[in-house]
Amino acid sequence: MNLKAKSALFAMLFMCIAAFAQDSVTIKGAVVDAEYSMPLPNVNVIIVGTSTGASTDFDGNYQIQAKKGDVIQFSYIGYTAKTVIVGAQTTVNVALGVDANTLEEVVIVGYGTQKKSHLTGSISKVTNEDLDQIAVSRVDDALVGQVSGVNIAATQGEAGSAPTIRIRGTGSVSGSSDPLIVVDGLVVDNDYLGSLNMNDVASFEVLKDAASAAIYGSRGGNGVIMITTKEGKSGKTKFTYNTLTGFKEARQSEDYYFSVAETAAAELAATGTLSDRTKYKQLIGIDNDWQNIIFDGGVITTHSFSARGGDDKTKFSTSLGYIHDEGVLLTDEVKNYSYKLRLDTKLTDKLSMGINLNPSFNDKRRFDGSTHDILRQTSWLPVYHDENTIRFVDRGTYPDVQVGDYATQRHFDNYDLYGDGSTLVDISNTSNTNPAAKVLERQRNEYKLKLRASLYGKYDFNDNLSFKSTIGGDYQNTVRERNQGPLASRNGESAVQYDEEVLNVSRLVSDNFLSYNKGFGNHDVSAVLGASSELQKGEYKATRLTGYNSELEGTLGGTTTVGAGNQFEYKQALFSYFLRVNYAYDDKYLASISLRRDGSSVFGEDNKYGTFPAASLGWNISKEDFLSESEVVNNLKFRVSYGVTGNNALRIASNSVLDNNALINYYPSLSLASNFSYAGDSAISAINIANPDLKWERSVEINPGIDFGLFNNRITGSVDVYKRTSDQLLLSNPISNTTGFSEALVNIGKVENRGIELELRTKNVNTQDFKWTSTMLASRNKNELIDFADSNGQILNVDSKRAAEWINQVGQPISSFYGWVVESDIPLEYIANPYHPIGGEAQDVYVKDLNGDGVIDDDDKTKLGDPYPDIVWSFTNDFQFGDVDLSFMFQGSHGAEVRNMGDQYLFNHFNSSQDFISSTPNQQFIKQKIFTDDIIQDASYVALRTVSIGYDFTDKLLDKTLFSKARVYATGQNLLYVTASDYTGFNPESVDNTSATTYGYQRGGSPIQRTISVGLNLEF
């Protein structure tokens, strides 16, 4: 090869190398906030016209491959996008300024979005920045303390059980007070939140006032919680793996710890001697704390793997989730498997479509027992007999008891204490089986298969007008099984039974609406006009099998009797029209109106349709000339809203294997009948009275509020004042017995909730190396019964055997406790056997003669309190020290009370061996404690709800790994939980699911759970 040819080849190679180098230039840099120079994480960095993209890390740093002439676009929600043309530079630092048109963020509202600066209703937004670091098996559990005016109580302690959520109080008597749940625009049932993976959640929006919720009409009366899931982003596909493991334990009650040793010491100090019973209990040598046995603790583990990405036309987000929560109760356990797919694509410049798919499977074994019944067992009783305790068994009555068998109290009766036959001692106070056997010898399982899917199409006629049509639905198959073995009951084989319930529910929803958005001059108009339809079908079957006499328990072949059964089908339909118009002039003067008309199959022929209007106004006063240059006030908005919403969710009866009234929930206006047996024959009987005038409950609410931002938005927040009047309440009103019924369902009651809410957020320190922000939330709600028709003053009880009373009286809150006021305890000298059983106490007290007539009767009863808190608050602090972050939240509730019936069980109030003796003075003033304020207890608490510390690995540490981001953290929940001094139970938030008119009933309940967890987040 000659020199000229060699030179030409060399030149070509050089050009190729140069071109290759040009194509592989690495551009690095940082993106910061233009005003505060703060790093901006998760900024989208893309090469315009390609699918190449990246995002900034926690410190605002990014890295992307580009070539000369490429255009790099930097975009972040709430900020003005910026583009940079690649030249010879390899470092590009960018400062993004706040977009004046978005003012921080966009808020999801019903059937659309709205600028936060243009909101005229009361809506709170919570983004999922670190909620997925909290070890919970349901996403709503993570919202505790996150939104003012929203009270979330852990009323059920089982793993995977739903908390009780109330937005601005209780507004219904016979209907549900639960908020409406909307996920990605489609209404779902509350149970769906138990199958949603928190790692898939992008944000929560809580629509609190009626003007915001009126777009959902007959279902918005209790507020709306809207959940938006994560979507894909343009750029390189990102894979994430998140996992955590938490160790859980139950908060126990010192008041319910009963010790043989402590009781013996108290008896010796009071009397100078020990009774034979006490000596015998000491001889057995067992001193169990049954709380340690039943509250056995557990582990919660979660795994989530996701992939998100896309390009300018198609974006996708897909994930797999797994949760295993062992709870804190014996046998309590839940496993949840879920899959999520969200795909959005632009077929043309005008036409786009998307799908959302979310199947899940929930496998739960429930704690089949009641804590109050189990924990009242005496501390000297072992779980199983061993070589020591078997010596004390009464062989004359129980000749077959062996080592390893469950121990019962009666096994230990008739013991010859001194070995000479002179003293036979009985120490049992119940014939019940062993308390652990009541749980371990029962299997109570629940299996739920859910499938939720939706498909939408959207057509943009132009930049201002679009049409969106969504069809979606869900299917749920629930199977509940309960198998009670012969050792689970004192009645042995005769009590063996198997229950099975099967519930299939399918729902189809179609939403179709036009959206219009137009800005011209100083005017900004947006509008939504649409229609929605929904059809739900359900099928329920229940069977109880008894009469087992073989080892084939839980099978059809092993039974001789079908003990009970039930089967029904139901159908519900809803058809709606809705309209909303928002208007803003010069971003200063704001107005919004909405109207929804719902037609429902639930209610009477004369009231199939209802109309729900709303209107709201706002004034961005900070944009006026006299404040536009203010160095103190950055944002100040006055707003006021008025709206009408409804409630069509009934809770007249529950779906139970023995409950033939369940259909009233679905057809309350019709006359219904059920089968029953009489004198060996089958017959049909009516179970209610038809009412063609029946309609949904209505809530009318007015809500003035203020949003503010001060000192360069270092201090931001809002104040809301509201009054919500719920009328046309569905009430079982007394009627003439000549109808064959004592009551009938009518629309007649009225209840009012009024209150104030405060949200305050501060940026206390904001430097490059150290940041500190705080959030203070507080709300106060007062509940008052305004009208209760002929039911005014009605007195109710939950359990007729232990008939503690509630009163529902106009001028007072729904569900006020009722009874006598305690004067004093009966002295121990007048109590028979004050030290047996262990932990027992007298069931009676002296009560006050309030009217002074010398007689204790119903005229001396009075209101004893109510179950509603005066104030609920939270205080959160977040700190950032370089790559280390720390946060903690204190949360509290004050003023609520509970009727703790657990005391009657655990202190053995109904044990006749501790009754007062015949010589007790003033016996005419003695009443049982359960009918007095003795067990009305302060349910106030202060809790360290969460504390979390985390570390984000730096790019330098990750350079030689596959990962673009990595984070480790540790989180604690309820590490500190302080209750009122007079509260004796495990959980002041726990109340039984009775009714709105007997709310606040606590019978032991489930404990508060303390959890310490560690987690890992990876992105690659």
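Let us look at the structure shown here. Since we're looking at a predicted model, the values are computed, not measured. (Residues numbered from 1 in each chain as written. Predicted model: local features only at pLDDT ≥ 70, side-chain atom pairs only at ≥ 80, totals over all residues. Heavy atoms only, no water.)

### Focus on the sheet that holds strand β42 (residues 844-847)
What counts here: By definition, two strands form a pair when at least two bridges between them are found by DSSP. Helix numbers and strand numbers start at the N terminus; a helix is a DSSP run of H or I with at least 4 residues, a strand a run of E with at least 2. All axes are obtained by fitting lines to C-alpha atoms, using only the stretch in contact for helices, and the reported angles, taken between N-to-C directions, cover 0 to 180 degrees.
The strand order across the open sheet built from three strands is β41-β42-β47, with neighbouring strands paired in antiparallel fashion. Whereas interior strands pair on both sides, the edge strands pair on one side only; in this sheet they are β41 (822-825) and β47 (926-928). Strand-to-strand, the axes of this sheet are offset by a mean angle of 50°, without reference to chain direction.

### Let's talk about the environment of threonine 263
As a reminder, the rule being used: Between two residues, a contact is recorded if the distance between any of their heavy atoms is within 4.5 Å.
Along the chain, the position of threonine 263 falls in helix α3 (residues 260-271). For the pair threonine 263 and threonine 229, spaced 34 residues apart in sequence, the C-alpha to C-alpha distance is 56 Å. Residues contacting threonine 263, with those up to four places away along its chain left out, are Tyr835, Ile838 and Gly839.

### Notes on the packing of aromatic side chains
Note the cut-off: Two rings belonging to Phe, Tyr or Trp (six-membered ring only in the last case) form a pair when the distance between their centres is within 6.5 Å. Interplanar angles under 30 degrees mark stacking, angles over 60 mark edge-to-face geometry, and anything in between is tilted. Buried, partly exposed and exposed residues are distinguished by accessible area as a fraction of the type maximum, computed with a 1.4 Å probe on protein chains only: under 20%, between the cut-offs, and over 50%, respectively. Here, over-ring charges are defined by two tests on the NZ atom of lysine or the CZ atom of arginine: distance to the ring centre within 6 Å, and angle to the ring normal within 35 degrees.
With the rule as written, the count across this model stands at 38 aromatic pairs. Look at tyrosine 280 and tyrosine 415: their rings are 4.5 Å apart centre to centre, the planes differ by 10°, and that puts the pair in the stacked class. A residue pair is termed long-range when its members are at least 10 positions apart, and tyrosine 280 in helix α4 (residues 276-284) and tyrosine 415 in strand β22 (residues 415-416) qualify at 135 residues. Of the two residues examined, tyrosine 280 and tyrosine 415, each falls in the buried class. Taking 6.2 Å as the distance between ring centres and 15° as the angle between the ring planes, the aromatic pair formed by phenylalanine 879 and phenylalanine 881 counts as stacked. On the accessibility criterion, phenylalanine 879 (17% relative accessible area) is buried. On the basis of relative accessibility, which here comes to 40%, the residue phenylalanine 881 falls in the partly exposed class. Three or more aromatic residues joined by ring pairs make a cluster, and in this case those are Phe770, Trp772, Phe879, Phe881, Phe888 and Phe890. In this structure, lysine 861 is placed above the aromatic ring of tryptophan 820, and the distance from its NZ or CZ to the ring centre is 4.7 Å. When the ring centre of tryptophan 806 is taken as reference, the NZ or CZ atom of arginine 899 above it lies at 5.2 Å.

### With respect to the nonpolar core
Worth spelling out the cut-off: Within this scheme, the nonpolar core is defined by two criteria: the residues are buried Ala, Val, Leu, Ile, Met, Phe, Trp, Tyr or Cys, and they are joined through side-chain atoms within 4.5 Å.
Tyr280, Ile284, Trp380 and Phe412 are the most contacted members of the largest nonpolar core, which totals 33 residues. Every element with two or more residues in this core is listed here: α4, α5 (290-294), α6 (371-375), α7 (435-440) and α9 (902-906). Look past the residues within four positions of tyrosine 280 in its chain and what remains in contact with it is Phe392, Phe412, Tyr415, Leu417, Val425 and Ile427. Residues Val144, Val147, Val183 and Val201 belong to the second largest nonpolar core, which totals 25 residues.

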